Amino acid sequence: MSTPPLEPAVVELAGITHRYGPTVALSDCRLSIAPGEVHGLVGENGSGKSTVVKLLSGIMRPTEGEVRVGGKAVDLRSPAAAQRHEIVTVFQETLVSDECSGLDNVFAGTDGIFRRARSGRAEREAAERVVASLGASPAILQSSPHHLSLAERQVLTLTRALVRPWKLLILDEATSALDLSTRDRLFAVLADHRREGRSVLFVSHRMDELEILIDRATVQRSGRTVGTVGKDEATPARLLSMMSGRSDAGEHHVRAGARSRQAADVVLRGVDLSLVAQAPAFDLDVRRGEILGIGGLDGQGGSHLVEVLAGVRPTASGRVEVDRDGSWTRVTGYRQAFRSGIAYVPGKRQEEGLFPSMTVGDNLSMATLPRHARAGLFRSSSVLTRVREEMTRLGVVPHDPSYPITGLSGGNAQKVLVGRWLAAEPDVLILNDPLRGVDLGTKRDFYALLRELTEAGTTVVMLSTEIEELLTCCDRVAVCQAERVFDVLEGEDLTYDAVLAAMFGRHVSDEQSSDEQSSDHDTHRKVTL
Amino acid sequence: MSATVATPLLQTVARKVPYFVPALVAVAVMLLLTASESETFLSGGWKLVLVYASPLVLLAMAQAPVVLSGGGGLDLSVGPTAGLVSVVIAAVLIPRDLSVAWLVIVVALLTGAAAGAVNATLVTLVRIPPIIATLATYLVFAGLATQVLGAPTGFLPEWMSWFTSVDGVLPNVLYVILGVGLVWLLLTRTAYWRNLLMVGSNDRAAYTAGVNVTAVRFLAYLLTGVMAGVAGLVLTAVLGGADATVGPTYTLQAIAAVALGGLSLAGGRGGLFGAAVGAVLLFLIQNYLTLTEASSFELQMAYGVVLIVAIVANGAWDRKRKAR
């Protein structure tokens, strides 16, 4: 499966393991980058690829194992240290300061605390050369970047990397902020660098870009290195099948109990919806009584979509409407959505959901207290009765309303959080990645609970970053990619491979045809490397 | 790709005009008001006003580096540090006849630096939030000053009256302020300035770019301490002695002055000049209200109102500036 590099590696990860507390993010990772190659790094959420990037760029140090640069073990204890070893990184978020000029943004970090490494003139000349090679105006170096576009800001961070001496450039989803012409200029620039023996580690969720650019690719799955393949083998179909761990890319995996719903019976819909400024618009229907899964890689719009549907986040354009007794009511905000029967359970439960200093009962009854009030005063016996009923229904362990919420396991805490909103008897329940970090048994209970709810007529929209979970639990799955719904899958089409392919902006049917005629469907301009 | 449509006038103004200009305009207005209220102000009264304002001006300047360094950067202990310095001069050095100018000045700067180093350690190495860490040192320094000097004292060496003299064309204390400003100006010509602004406005960007965020912030607290030391020296001269209870009263005024001067309390925007202008503005308002015989309660309320107006205006100004 792996092709040995021809020359000694520029940078090598040898048996790297990284743990965050009890969680193993990366296990025995092996990655070797040859001089002059563009090395792809792919994998779905939680595969460990962002951990690899953080280790190589000096943001974290590995728990076990060695990072080798030019064959020698090195300690990349800070981004500055990584840069001294000539490893530079450009991240997906455009990390620029709005208070410094573009030029200062480019050269900050090259100096000592007081001593400037270069004269202002040398800096300007070097930066202007790089900026021009990327097809941007040198004017972006002069002013502060407040009013620059996202692409121009990313040109600044690319310039920051390219003006430094480097042997390895890490592009961590860095191209997603670029417009197409800038991206193509970047690829041409990288081709020149490659000829001079410099290497690129290219992390991308865009199969078309990977196809154009890479020489070899390493695939990560669940924190483990699946293997490294050469260019000929690194077809989208092959990479996707390595990511999913299934040998047969065409396997269809129909979920038992999936029910198709009448398309006409829509309870919540997005019309001409655009999640962030300049993102493409799309429509989305949520059908009454279904469980609609929202999937996608982190940062591709899934989280924005559930927030927009719940009225927590404003839309960039377009509208969200909810069916209220036969007429469409526009969702304009969180409280108004709640009154219209939409309940939203936020993601990060510690920060956004729970009141850690209060009891289980308090946490559970928080949203519906006014219903137990007479003349503005709570009747605690009525609250308590309701809380006990709710805890029985949800199966919260221990069954004790006075228990501190912080004493509950993740799954039970999540049940309490969901229960808080269920008590309000919503028509639509929107869940933002409710089961992240919850054990399997609790997950199963939770799926059953959701199923029960839908049978009683509630509609559920659930964001999940795990494909298996979407397949197990949902009737339909909307996959987000590049801040839009790329595809909605249901019935026979709802398979592991289809969801995974959609996360990377592909349709499974493309993959089958692409195996036969390798690159005809690629609409983007190719750059010869 | 940047704004090609005609940008609204206010936005253009907000983008082009330096951050300290609104405060400067307000100072000009206050000067006119003061001059209309007091006949002697223009003919030399202003020099005395500046002498009395100088400890506040220096403490506001001292506050600037930590505020600029971001991450909730703030030094509540600048007042007590200045107070401690004056107590060290008046109750430790002078009674032992160690009152040579150079020695007093060096000890003042070192005491300030030591206080700054304590804050820097707590904030950047122990990683206590600045407001908590410096509240703790506020209490410790203030307590220490009272411990060393229970009752106010008033014996100063002859040379210290230089600071308060208004016989020259300009009051001497202005040279001290300009001196501190000059040292800062030199510092802004080094890489430290861009390191500081980068760290203050976006510490993640700074860190991943390779800036030593910890060192840059540590140095900011140290510089603040040293400047508080200078302020302590001047405070001693202005008071004509030392009083352990006076220093702490300056802290909140210094922070208010920094906000008035247009610095962003979130970090990354502003400079020492703005802080000094803000302090002058605050002092002129106080002076004007005293001239018009406002009560001390009214004075306090005026401080509060001015501060709120300043912070709201600051925010509005910033939004205009950053609007795309």
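Since the structure is predicted, the reported quantities are computational estimates derived from the model, not experimental observations. (Residues numbered from 1 in each chain as written. Chains lettered and ligands numbered in written order. Predicted model: local features only at pLDDT ≥ 70, side-chain atom pairs only at ≥ 80, totals over all residues.)

Trainee: Looking at this structure, how should I read the overall build of chain B?
Mentor: Helix and strand counts for chain B come out as 13 helices and zero strands. For chain B, the sequential pattern of α-helices and β-strands runs α-α-α-α-α-α-α-α-α-α-α-α-α. Whereas a compact globule of 324 residues would reach a radius of gyration of roughly 20 Å, chain B reaches 20 Å, a difference of no more than 12%. If one aligns the C-alpha atoms of chain B with their principal axes, the spans along those axes are about 70 × 50 × 35 Å. The long-range share in chain B, meaning contacts at least 24 apart out of those at least 6 apart in sequence, stands at 81%. (Helix = DSSP H or I, 4+ residues; strand = E, 2+ residues; numbered from the N terminus. Rg over C-alpha atoms; globule rule 2.2 N^0.38 Å. Contact = placed C-beta atoms within 7 Å.)

Trainee: Can you walk me through the overall build of chain A in this structure?
Mentor: Of the regular secondary structure elements, chain A holds 18 helices and 22 strands. Relative to its full complement of 529 residues, chain A shows a buried share of 49%. In chain A, of all internal contacts separated by at least 6 residues, the share reaching a separation of at least 24 is 69%. (Buried ≥ 20, exposed ≤ 12 C-beta atoms within 10 Å, placed from the backbone.)

Trainee: I'm lost on the interface of chain A and chain B in this one. Help?
Mentor: The accessible area lost on association of the parts is a frequent measure of interface size. If you look at the interface, chain A gives 26 residues, while chain B gives 29 residues. Mapped onto the side of chain A that touches chain B, the elements with two or more residues apiece are helix H2 (79-84) and helix H5 (150-162) of chain A. When residues in the side of chain A that touches chain B are grouped by element, the largest group, three residues, is from H2 of chain A. Its residues placed into classes, the side of chain A that touches chain B shows 10 nonpolar, eight polar and eight charged. (Nonpolar A, V, L, I, M, F, W, Y, C, P; charged D, E, K, R; others polar.)

Trainee: Help me understand the domain arrangement of chain A, please; the structure alone is not making it clear to me.
Mentor: Residue and element names in this part refer to chain A. In terms of domain boundaries, chain A breaks down into domain 1 (11-244), domain 2 (253-341 + 426-511) and domain 3 (353-419). Of note, the centres of domain 2 and domain 3, computed from C-alpha atoms alone, are 27 Å apart. Counting residues at the interface gives nine residues for domain 2, matched by six residues for domain 3. Classifying every residue of the side of domain 2 that touches domain 3 gives five nonpolar, two polar and two charged. (Domains from an automatic or database assignment.)

Trainee: Looking at this structure, I do not really get the pairing of strand E11 (residues 266-274) of chain A. What am I missing?
Mentor: It is a general feature of regular strands that their side chains alternate between the two faces of the sheet. Residue and element names in this part refer to chain A. As judged from the five bridges shared by E11 and strand E12 (residues 282-287), these two strands associate in the antiparallel manner. Along E12, the bridge assignment pairs Val 266 with Arg 287. Bridge analysis of E11 against strand E14 (residues 317-324) gives five bridges, and the strand direction is antiparallel. Across the sheet, the residue bridging to Ser 274 is Ser 317, located in E14. (Pairing = 2+ DSSP bridges.)

Trainee: Would you explain the sheet that holds strand E15 (residues 327-330) of chain A in this entry?
Mentor: Sheet strands pair by backbone hydrogen bonding; their relative direction is either parallel or antiparallel. Residues and elements named next belong to chain A. Pairing in this open sheet of four strands is antiparallel, and the strands run E12-E11-E14-E15 from one edge to the other. Edge positions in the sheet fall to E12 and E15, since each of these pairs with one other strand and no more. Taken pair by pair, the neighbouring strands of this sheet meet at an average axis angle of 20°, ignoring direction. (Axes fitted to C-alpha atoms, helices over the stretch in contact; angles between N-to-C directions.)

Trainee: So what exactly am I meant to see when it comes to the sheet that holds strand E16 (residues 342-345) of chain A here?
Mentor: Residue and element names in this part refer to chain A. The six strands are arranged E16-E19-E20-E13-E21-E22 in an open sheet whose pairing can be described as mixed. Among the strands making up the open sheet, the edge pair consists of E16 and strand E22 (484-490). Taken pair by pair, the neighbouring strands of this sheet meet at an average axis angle of 20°, ignoring direction. Pairing between strand E21 (residues 476-481) and E22: six bridges, direction antiparallel. Bridging from a neighbouring strand, Val 479 pairs with Asp 487 of E22. The strands touched by helix H9 (residues 302-309) within the sheet are strand E13 (291-295), strand E19 (428-432), strand E20 (459-463) and E21, with E20 carrying the most contacts at an inclination of about 150°.

Trainee: What is the right way to read helix H6 (residues 180-195) of chain A from this model?
Mentor: In an α-helix, one turn spans 3.6 residues, which is why side chains three or four residues apart end up on the same side. Residue and element names in this part refer to chain A. Taking 1.5 Å per residue, 16 residues should reach 22 Å; H6 reaches 23 Å between its end C-alpha atoms and fits that length. By the burial criterion, the buried members of H6 are Arg 183, Arg 185, Leu 186, Phe 187 and Leu 190. On its buried face, H6 is in contact with strand E3 (38-42), H5, strand E8 (199-203) and helix H7 (207-213). Remark: Gly 197 follows H6 within two positions and exhibits a positive phi of approximately 90°. (Expected span 1.5 Å × (residues − 1).)

Trainee: Would you mind showing me how to read the packing of helix H4 (residues 78-93) of chain B against helix H5 (residues 101-125) of chain B here?
Mentor: Between two packed helices, both the angle of their axes relative to each other and the distance between the axes serve to describe the pair. All names here are of chain B. At their nearest, the axes of H4 and H5 sit 9 Å apart, and the two run at 140° to each other. If you check the angle between H4 and H5, you find them oblique. When the axes of H4 and H5 are compared, the crossing they make is right-handed. Counted together, Thr 81, Leu 84, Val 85, Val 88, Ile 89 and Leu 93 of H4 and Val 104, Val 107, Ala 108, Thr 111, Gly 112 and Ala 115 of H5 form the full contact between these two elements. Considering only residue class, the contact of H4 with H5 consists of nine nonpolar, three polar and no charged. (Parallel < 35°, antiparallel > 145°, perpendicular 65-115°, else oblique. Left-handed = near helix turned anticlockwise from the far one by under 90°.)

Trainee: Would you take a moment to explain unusual backbone geometry for this structure?
Mentor: With the exception of glycine, the majority of residues adopt a negative phi angle, and the majority of peptide bonds are in the trans configuration. Phi at Gln 278 of chain A takes a positive value of approximately 70°, unusual for a residue other than glycine. For Gln 278 of chain A, the position within the fold is in the loop between E11 and E12. On the neighbour-count criterion, Gln 278 of chain A (11 C-beta atoms within 10 Å) is exposed. Unusually for a residue other than glycine, Glu 293 of chain B sits at a positive phi of about 60°. Here Glu 293 of chain B lies in the loop between helix H12 (272-291) and helix H13 (296-322).

Trainee: I'm lost on the pairing of strand E7 (residues 168-172) of chain A in this one. Help?
Mentor: Residues and elements named next belong to chain A. Where burial is concerned, most of E7 is hidden: five out of the five residues are buried. Of the two faces of E7, the one carrying Leu 168, Ile 170 and Asp 172 and the one carrying Leu 169 and Leu 171 are both buried. Bridge analysis of strand E6 (residues 87-90) against E7 gives four bridges, and the strand direction is parallel. Of the residues in E7, the one forming a bridge with Ile 87 is Leu 168. Of the pairings in the sheet, the one linking E7 to E8 comprises five bridges and is parallel in character. Considered in E8, the bridge of Leu 168 is made with Ser 199.

Trainee: What's the story with the confidence of the model for chain A in this structure? I'm lost.
Mentor: When pLDDT is low, close inspection of the predicted coordinates is not appropriate. Residue and element names in this part refer to chain A. On average, residues of chain A carry a pLDDT of 85, and 90% of them reach 70 or more. Per-element confidence in chain A ranges from a low mean pLDDT of 56 for helix H18 (residues 508-516) to a high of 97 for E6. Below a pLDDT of 50 lies the segment residues 247-258, which in the model reaches 22 contacts outside its immediate sequence neighbourhood of four places, other chains included. Counting interchain partners and residues more than four positions distant, the pLDDT-below-50 stretch residues 513-529 has 24 contacts. (pLDDT = per-residue confidence, 0-100.)

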